[in-house]
Amino acid sequence: MWGLMEIARVGFFSKLKEGLAKTRNGLVAKIENLFQGQSEITEELYEDLEAILVQADLGVDAALNLVETLRERVKAERIKEARRLTEILKEELKELIGEPGKLAKNPEGPTVVMVVGVNGTGKTTSTGKLAYHLVGEGNKVLLGAADTFRAAAIEQLEIWGERSRASVIKHQMGSDPAAVAYDAVQAGLSRGSDYILIDTAGRLHTQTNLMQELEKIGRVIGRAMPGAPHEILLVIDATTGQNALSQAKLFSKAVPITGIILTKLDGTAKGGIVAAVADTLKVPVKFIGLGEGPDDLKPFDTDSFVEALFERD
Ligand SMILES: Nc1nc2c(ncn2[C@@H]2O[C@H](COP(=O)(O)OP(=O)(O)OP(=O)(O)O)[C@@H](O)[C@H]2O)c(=O)[nH]1
Ligand SMILES: [Mg+2]
């Protein structure tokens, strides 16, 4: 008999596998063909591997480092057969990605989470899915509709509020987003919410005034509740490739990013971006988006991620 935990774990893993199918069929299938296609480990094999990794958006630096480590281990451990490289590559990929990060939890009251990022990356959807996830864990969640810029944004968040059984604090369209954030935190404090999630408007990292607005929202949240926001999550669209890294660097200059939500992994064969983000940004990937449904945001876990990526059908 399987316990509930076991069923949940298997469900989590198959969803992960399904969401990563494109990367598995692209990146990983190519690697496996390379390793199975010849018996010996040659210089050419290393070069081919490097090319495959770069193509999968792992980034040149991370790809070079990974292949170099592989080379060293093959030498040190006197490995001769190419087919044994898969296991080593998996181990080194886990090492490169590092420990996953958990969502912050304020032990003394509500945890305030601000969600930021470039237009259309999946901020509102991820905020809604995060609410769904947290409510499912038994938390009381409040959403703050601080995207007052786009007409449909408030309504979009309200739909997510209904879906996830979280209440929504909103003002009129065009009003000051910092004031919405302030009210949301105040409401969360007085209602005894466990999490207050603040959705913000999409902005390009090159729009200086909008980046300053983000900084202001953060500051005003801190005025409503000292120590808040406890988490500032940057939403990155996995399909934008290496450009995502420069977005992250510029957002980090405006507000202290504490974690990454990497969305739309289901829509790309270049899931290597996870490793590039984890390796270069020094900010942990905390959640990954694997689809548009409420259950399609998953806490990021390095081990399950790499295992699901390499698991055969
Ligand atoms: N396939 C897939 N689609 C996603 C994922 N996350 C978000 N989307 C879709 O991406 C589109 C944009 O999502 P939004 O949440 O509205 O993005 P946003 O960042 O809030 O957009 P703005 O507020 O306009 O900046 C929607 O159609 C979402 O359903 C994901 O993980 N996978
Ligand atoms: Mg939005």
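The following paragraphs examine the structure supplied in this document. (Residues numbered from 1 in each chain as written. Chains lettered and ligands numbered in written order. Predicted model: local features only at pLDDT ≥ 70, side-chain atom pairs only at ≥ 80, totals over all residues. Heavy atoms only, no water.)

### Remarks on the site of ligand 1
Keep this limit in mind: When at least one non-hydrogen atom of a residue lies within 4 Å of a molecule or strand, that residue is treated as near it. What qualifies as a polar contact is a pair of N or O atoms within 3.5 Å, subject to a donor-acceptor requirement within protein and to the restriction that residues adjacent in sequence count only when both atoms come from side chains. To be clear on the numbers: accessible area is Shrake-Rupley with a 1.4 Å probe, and residue cover counts the displayed protein chains and nothing else. Residues are grouped as follows: Ala, Val, Leu, Ile, Met, Phe, Trp, Tyr, Cys and Pro are nonpolar; Asp, Glu, Lys and Arg are charged; all remaining types, including Gly, are polar.
Neighbouring residues of ligand 1: 19 residues in total, closest Lys 123, Thr 124, Thr 125, Asp 266 and Glu 292. Here an oxygen atom of ligand 1 sits 2.9 Å away from a polar atom, N or O, in the main chain of Lys 264. Protein coverage of the free-state accessible area of ligand 1, which is 650 Å², stands at 80%. Class assignment of the residues belonging to the shell around ligand 1 gives a composition of one nonpolar, 11 polar and seven charged.

### A word on the sheet that holds strand 2 (residues 141–146)
Basically, it comes down to this: When DSSP finds two or more bridges between a pair of strands, those strands are recorded as paired. By the criteria applied, helices consist of DSSP H or I runs no shorter than four residues and strands consist of E runs no shorter than two, each listed in order from the N terminus. All axes are obtained by fitting lines to C-alpha atoms, using only the stretch in contact for helices, and the reported angles, taken between N-to-C directions, cover 0 to 180 degrees.
Strand order in the open sheet formed by eight strands is 3-2-4-1-5-6-7-8, with mixed pairing between adjacent strands. The strands lining the two open edges of the sheet, one partner per strand, are strand 3 (167–169) and strand 8 (297–299). Averaged over neighbouring strand pairs, the angle between their axes works out to 25° when direction is ignored. In terms of strand pairing, strand 1 (residues 111–117) meets strand 5 (residues 231–237) through five bridges, oriented parallel.

### A word on helix 9 (residues 208–224)
Stated precisely, the cut-off is as follows: Here the expected span of a helix is defined as 1.5 Å times the quantity of residues minus one. Only protein chains enter the accessibility calculation, which uses a 1.4 Å probe. A residue is then buried if its area is under 20% of the maximum for its type, exposed if over 50%, and partly exposed in between. The contact definition used throughout considers only heavy atoms, calling two residues in contact when any of these lie within 4.5 Å.
In this model, helix 9 (17 residues) spans 25 Å end to end at C-alpha, consistent with the 24 Å of a helix rising 1.5 Å per residue. Listed as buried for helix 9 are Met 211, Leu 214, Ile 217, Gly 218, Val 220, Ile 221 and Ala 224. Lining the buried residues of helix 9 we find strand 1, helix 8 (177–191), strand 4 (195–200) and helix 10 (243–254).

### Brief notes about the packing of aromatic side chains
Test applied: Aromatic rings from Phe, Tyr and Trp, taking only the six-membered ring of Trp, are treated as a pair when their centres fall within 6.5 Å; an angle between ring planes under 30 degrees marks them as stacked, one over 60 as edge-to-face, and anything in between as tilted. Geometrically, a lysine NZ or arginine CZ counts as sitting over a ring once it is within 6 Å of the ring centre and also within 35 degrees of the ring normal.
Considering all chains together, one arrives at one aromatic pair under this definition. Sitting over the ring of Tyr 46, Arg 71 keeps its end group 4.6 Å from the ring centre. In this structure, Arg 163 is placed above the aromatic ring of Trp 160, and the distance from its NZ or CZ to the ring centre is 4.3 Å.

### Let's talk about the side chain of Lys 298
The topology assignment puts Lys 298 in strand 8. Note on Lys 298: relative accessible area 9%, which makes it buried. Not counting residues within four places of it along the chain, the set of residues in contact with Lys 298 comprises Phe 12, Lys 15, Lys 286, Phe 287, Ile 288 and Leu 290.

### Examining the packing of helix 3 (residues 43–55) against helix 4 (residues 60–76)
How we decide: In these notes the angle categories are as follows: under 35 degrees is roughly parallel, over 145 is roughly antiparallel, 65 to 115 is roughly perpendicular, and the rest is oblique. The hand of a helix crossing depends on one turn: near helix anticlockwise from the far one by less than a right angle means left-handed, and clockwise means right-handed.
The geometry of helix 3 relative to helix 4 is characterised by a closest axis approach of 9 Å and an angle of 150° between their N-to-C directions. Relative to helix 4, the element helix 3 lies roughly antiparallel. As helix 3 runs across helix 4, the sense of the crossing is right-handed. Residues Glu 43, Tyr 46, Leu 49, Glu 50, Leu 53 and Val 54 of helix 3 form the contact with helix 4, whose participating residues are Val 60, Ala 63, Leu 64, Leu 66, Val 67, Leu 70, Arg 71 and Val 74.

### With respect to the side chain of Glu 92
Locating Glu 92 in the fold gives a position in helix 5 (residues 85–97). Aside from chain neighbours lying at most four places away, what touches Glu 92 is Leu 66, Thr 69 and Arg 73.

### Re the environment of Leu 64
Along the chain, Leu 64 falls in helix 4. Residue Leu 64 is classed as partly exposed on the basis of its relative accessible area of 38%. For the pair Leu 64 and Glu 50, spaced 14 residues apart in sequence, the C-alpha to C-alpha distance is 6.6 Å.

### Overview of the pairing of strand 7 (residues 285–289)
Residues in a regular strand project their side chains so that they alternate between the two faces of the sheet. Operational definition: Here is how to tell: hold the view so the strands point away, follow the path from the first strand over the helix to the second, and if it runs clockwise the crossover is right-handed.
Counting buried positions along strand 7 yields five of five residues, so the element is predominantly enclosed. Here three bridges tie strand 6 (residues 259–263) to strand 7, and the two strands are oriented parallel to one another. Directly across from Ile 260, in strand 7, lies its bridge partner Val 285. Read as a crossover between parallel neighbours, the route from strand 6 over helix 11 (residues 273–281) to strand 7 is right-handed. Summarising the sheet, strand 7 and strand 8 pair through three bridges and their orientation is antiparallel. Bridge assignment links Gly 289 to a residue of strand 8, and that residue is Leu 297.

### Quick word on the environment of Gly 138
Tracing the sequence through the fold places Gly 138 in the loop between helix 6 (123–136) and strand 2. A relative accessible area of 61% places Gly 138 in the exposed class. Gly 138 sits 56 residues away from Asp 194 along the chain, and the two C-alpha atoms are 9.4 Å apart.

Scope: geometric values only; no functional claims are made or implied.
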